[in-house]
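# Residue-level structural notes
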Amino acid sequence: VIADTLKISDLDWRVANLKLTTQIAVSHLQRLPQIKVEPLFLTLDDTKIEGFLHYAAGNPSNTVLRLNGDTLDIDRYLPASNASVPAAKPPVVSSTATEDKQNTQPANQQSSSDTLSFSGLLAFPGDYHLAFGKLLVNHMQLANSIVAVTVAGDTVTLREFSTDAY
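Remember, it's a predicted structure, so these values are computed and weren't measured experimentally.

A tally of helices and strands in the protein yields 0 helices and 8 strands. The buried share among the 166 residues of the protein stands at 18%. Of all intrachain contacts in the protein linking residues separated by at least 6 positions in sequence, the fraction that spans at least 24 positions is 34%. Carbon together with sulfur atoms contributes 57% to the accessible area of the protein, which is approximately 12100 Å² in total.

The following block contains the structure:
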């Protein structure tokens, strides 16, 4: 007989420089598991992050992830670049002229390497809220940063974005 609720308390898990401390509760509602990871405490190098994750297998669009962190140096995890600020790319215009055919790409059209792909995120429908007191991105300090998105169907909706840039 499987109990209605399974609780795992004081889980302490480490992988490389990531540490996870939490309690996990798994309950069954009409044979579909609901997972609550709350409270959720993460440590990534010097960064302390806390929050929670709620997931319902029968209705993944009800997934809610909320994480609040203190200070995160994103530059630490990005590949090193030769220049601190990348040079602007010139507009892309290609042309092959013949008497009856001309192929041009509009100057304002971005190449696929310049666009962000959210296709991986579409596999995880739900509401996501990330907040950090301080972020370091491309040698720029951002404070009080908040990003909140909802993923539903084939749409990623940015519900909130705010930051203080210095």
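Structure shown, so let's carry the discussion forward.
Once that is clear, we can look at the layout of surface pockets. Empty pockets left among the atoms are what a rolling probe the size of a water molecule brings to light. Considered as a void within the structure, the largest pocket measures approximately 650 Å³ in volume. Along its surface, the largest pocket is lined by 23 residues, and Phe-118, Leu-130, Val-147, Val-149 and Phe-161 are the ones closest to its centre. Elements supplying a minimum of two residues to the lining of the largest pocket: β6 (126-137), β7 (140-152) and β8 (155-165). The residue makeup of the lining of the largest pocket, split by class, is 19 nonpolar, 4 polar and no charged.

All right, on to a nonpolar patch on the surface then. Taken together, Leu-130, Val-147, Leu-158 and Phe-161 make up a surface patch of nonpolar side chains, about 360 Å² in accessible area. Within the fold, Val-147 resides in strand β7.

A few words now on the environment of Ser-61. Relative to the elements of secondary structure, Ser-61 occurs in the loop between β4 (47-56) and β5 (64-73). A residue is classified by how much of its surface remains accessible, and Ser-61, at 38% relative accessible area, is partly exposed. It is 8.9 Å that separates the C-alpha atoms of Ser-61 and Gly-153, two residues lying 92 residues apart in sequence. When sequence neighbours within four positions are dropped, the list of residues in contact with Ser-61 reads Pro-125 and Gly-126.

Examined bridge by bridge, β6 and β7 share 11 bridges and lie antiparallel to one another. Across the sheet, Tyr-128 pairs through a bridge with Val-149, a residue of β7. In textbook terms, the turn of a hairpin is the stretch between consecutive antiparallel strands, and for β6 and β7 this stretch comprises 2 residues, one of which, Asn-138, has a positive phi near 50°. Alignment of β7 against β8, held across 9 bridges, turns out to be antiparallel. Bridge pairing in β8 places Val-147 opposite Phe-161. The loop that links β7 with its antiparallel partner β8 comprises 2 residues; one of these, Gly-153, has a positive phi angle of about 60°.

A cis amide bond links Glu-38 with the next residue in sequence, Pro-39, at an omega value of -5°. By the secondary structure assignment, Pro-39 is in strand β3 (residues 32-44). Phi at Asp-45 is positive, roughly 50°, even though this residue is not glycine. By the secondary structure assignment, Asp-45 is in the loop between β3 and β4. At His-139, a position not held by glycine, the phi torsion is positive, near 65°.

Residue position: Ala-123 is located in the loop between β5 and β6. In the structure, Ala-123 is positioned 28 residues away from Val-151 in sequence and 8.6 Å away in space, judged by C-alpha atoms.

The rules behind each value
The residue numbers shown here count from 1 along each chain, following its written sequence. Note on the predicted model: pLDDT of at least 70 is required for a residue's local features to be given, and 80 or more for side-chain atom pairs to be given and counted; whole-chain, interface and lining totals, by contrast, use all residues. Side-chain figures throughout are based on the complete set of non-hydrogen atoms in the structure, without hydrogens or water. What counts as a helix is a DSSP run of H or I of at least four residues, what counts as a strand is a run of E of at least two, and both are numbered from the N terminus. For each residue, the accessible area found with a 1.4 Å probe, counting protein chains only, is set against the maximum for its type, and the residue is called buried under 20%, exposed over 50%, and partly exposed in between. Contacts were defined at the residue level, with two residues in contact if any of their heavy atoms lie within 4.5 Å. Computed with the Shrake-Rupley method and a 1.4 Å probe, the accessible areas treat only the protein chains shown as cover for residues. Grid points spaced at 1 Å and placed over the protein atoms alone form the basis of the search, with a cavity being a set where a 1.4 Å probe fits but cannot get out and a pocket an open set showing protein on both sides within 12 Å along at least five of seven lines. Lining residues have an atom within 4 Å of a point. Grid points are joined across faces, edges and corners, and a volume is the space filled by probe spheres set on the points. Charged residues are taken to be Asp, Glu, Lys and Arg, nonpolar residues to be Ala, Val, Leu, Ile, Met, Phe, Trp, Tyr, Cys and Pro, and polar residues to be all remaining types, Gly included. Patch definition: residues above 30% relative accessible area lacking any salt bridge, with like charges linked at up to 9 Å and the nonpolar side chains Val, Leu, Ile, Met, Phe, Trp and Tyr linked at up to 5 Å. Salt bridges, as used here, are contacts in which a Lys or Arg side-chain nitrogen is within 4 Å of a carboxyl oxygen on Asp or Glu. Two strands pair under a simple rule: DSSP has to find at least two bridges between them.

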